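What the coordinates show
Okay, here's what each chain looks like letter by letter:
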Amino acid sequence: SAPADIGWKAIAACMSDIAAMGGGPGAFFLNLSLGTNVDESYVDELLGGMKQACDDLTPDSFEVAAGGGDVTSSPGPTVITVTMLGEASPAGPVTRSGALPGDRIALLGATGPAAAAVELLSGALEANPDDYPTLISQHRRPRPRVKEGALLGLYGVPSAMIDVSDGLLQDLGHILKRSGVGASVETHNLPRHPDLVRLSEATGEELLPWLVSGGDDYELLIVTPPARMTKLWDLARRHDWDVFDIGEIRGPEEGMRVLAADGTPLELASHGYRHFEGT
């Protein structure tokens, strides 16, 4: 990724975290620890990417700008740290602990493109990254659901919510753990990005692992009582969202069940990104 892409993503990831709590983004604090191999042009491009993200991703009713921070030098790698403040809805922030058995699980947008892009760029797939610009863009310049998250919080739709940054099943697992519940996920209802399908067909790679274990998508995973699904569909129609009903919250004794189209449980090797694996 170019420095501007890294700057964009540093801001986008923070905005996504705030959207996942039903809030709106505000001021951020930037700490840069610059390695010896970093020159002035790198920093200029990095900050330019951050400015672009602030301009392009912030809804009209909010303002995102730097509120302070710190710059230091480092003999090691460059470290970029962004801490962003957000404003919760009047009802308070949406957490991961409000899911109840019977709630529906909904997803805004397709998962998997960013993880597939990493494999393309790393050479792990026998395919030309230039043939899949949409996938590459979703890895380098993700567009978090900033406005959507703020509206969902404002209208009190979710009982729990999270953004898909570590993988669909792993992030859903965070909700299940905090809420003390189980879930069934209906894989045949998962959205499939057309370019991801095309890549799967061209390379012979299985599609499902990207859908359920790929991270960095920053789509919103929404848990909501059935009575509020009407409100969710209404928001989707008014604001032209793609909403996918992908499962149900169940009792804790059921754990997480991932179901095939015929309703049989699937066994999957990996659920998502492990931040501290190998440390």
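Above this text sits the structure in question.
Nothing here was measured: the structure is a model prediction, and the numbers come from that model.

Backbone geometry places Asp216, a non-glycine residue, at a positive phi of 70 degrees. By the element assignment, Asp216 lies in the loop between helix H8 (208–213) and strand E7 (219–224). For Asp240, which is not a glycine, the phi torsion comes out positive at approximately 60 degrees. With respect to the helices and strands, the residue Asp240 is situated in the loop between helix H9 (229–239) and strand E8 (243–250). Exposure remark for Asp240: the relative accessible area of 70% places this residue in the exposed category.

The strand order across the open sheet formed by 3 strands is E2-E1-E3, and the pairing between neighbours is mixed. Two strands bound the open sheet, and with one partner strand each, they are strand E2 (66–74) and strand E3 (79–87). Averaged over neighbouring strand pairs, the angle between their axes works out to 15 degrees when direction is ignored. The pairing of strand E1 (residues 24–35) with E2 spans 8 bridges and is classified as parallel. By the bridge assignment for E2, Leu32 is matched with Val71. Most of the contacts of helix H1 (residues 3–19) go to E3, to which it runs at about 35 degrees, and overall it touches E1 and E3. On the sheet, helix H2 (residues 40–57) packs against E1 and E3 and is oriented at approximately 170 degrees with respect to E1.

Here we come to the packing of helix H3 (residues 113–122) against helix H4 (residues 133–140). For the pair H3 and H4, interaxial distance at closest approach is 8 Å and the crossing angle is 105 degrees. Taken together, the axis directions place H3 and H4 in an arrangement best described as roughly perpendicular. Here Pro113, Ala114, Ala116, Ala117, Val118, Leu120 and Leu121 of H3 come into contact with H4, specifically with Leu135, Ile136, Gln138, His139 and Arg140. Residue composition of the contact of H3 with H4, by class: 9 nonpolar, 2 polar and 1 charged.

The next thing to look at is the pattern of salt bridges. Taken as a whole, this structure holds 13 salt bridges when the rule is applied. With a shortest N-O distance of 3.9 Å, Asp234 and Arg237 are connected by a salt bridge. Taken as a pair, Asp234 and Arg237 lie in helix H9 at a separation of 3 residues, close to a single helical turn. With relative accessibility at 29%, the residue Asp234 sits in the partly exposed group. Take Arg237: its relative accessible area is 61%, and that puts it in the exposed class. A salt bridge links Asp234 to Arg238; its shortest N-O distance comes to 3.2 Å. Residue Asp234 and its partner Arg238 are located together in helix H9, separated by 4 residues, close to a single helical turn. Among the charged side chains, a salt-bridge network with shared partners connects Arg104, Glu186, Asp245, Glu248, Arg250 and Glu254.

About the thresholds
- Residues numbered from 1 in each chain as written.
- Predicted model: local features only at pLDDT ≥ 70, side-chain atom pairs only at ≥ 80, totals over all residues.
- Heavy atoms only, no water.
- Helix = DSSP H or I, 4+ residues; strand = E, 2+ residues; numbered from the N terminus.
- Buried < 20%, exposed > 50% of the residue type's maximum accessible area, 1.4 Å probe, protein only.
- Pairing = 2+ DSSP bridges.
- Axes fitted to C-alpha atoms, helices over the stretch in contact; angles between N-to-C directions.
- Contact = heavy atoms within 4.5 Å.
- Parallel < 35°, antiparallel > 145°, perpendicular 65-115°, else oblique.
- Nonpolar A, V, L, I, M, F, W, Y, C, P; charged D, E, K, R; others polar.
- Salt bridge = Lys/Arg side-chain N within 4 Å of Asp/Glu carboxyl O.

The quantities given are spatial measurements derived from coordinates; they are silent on function.
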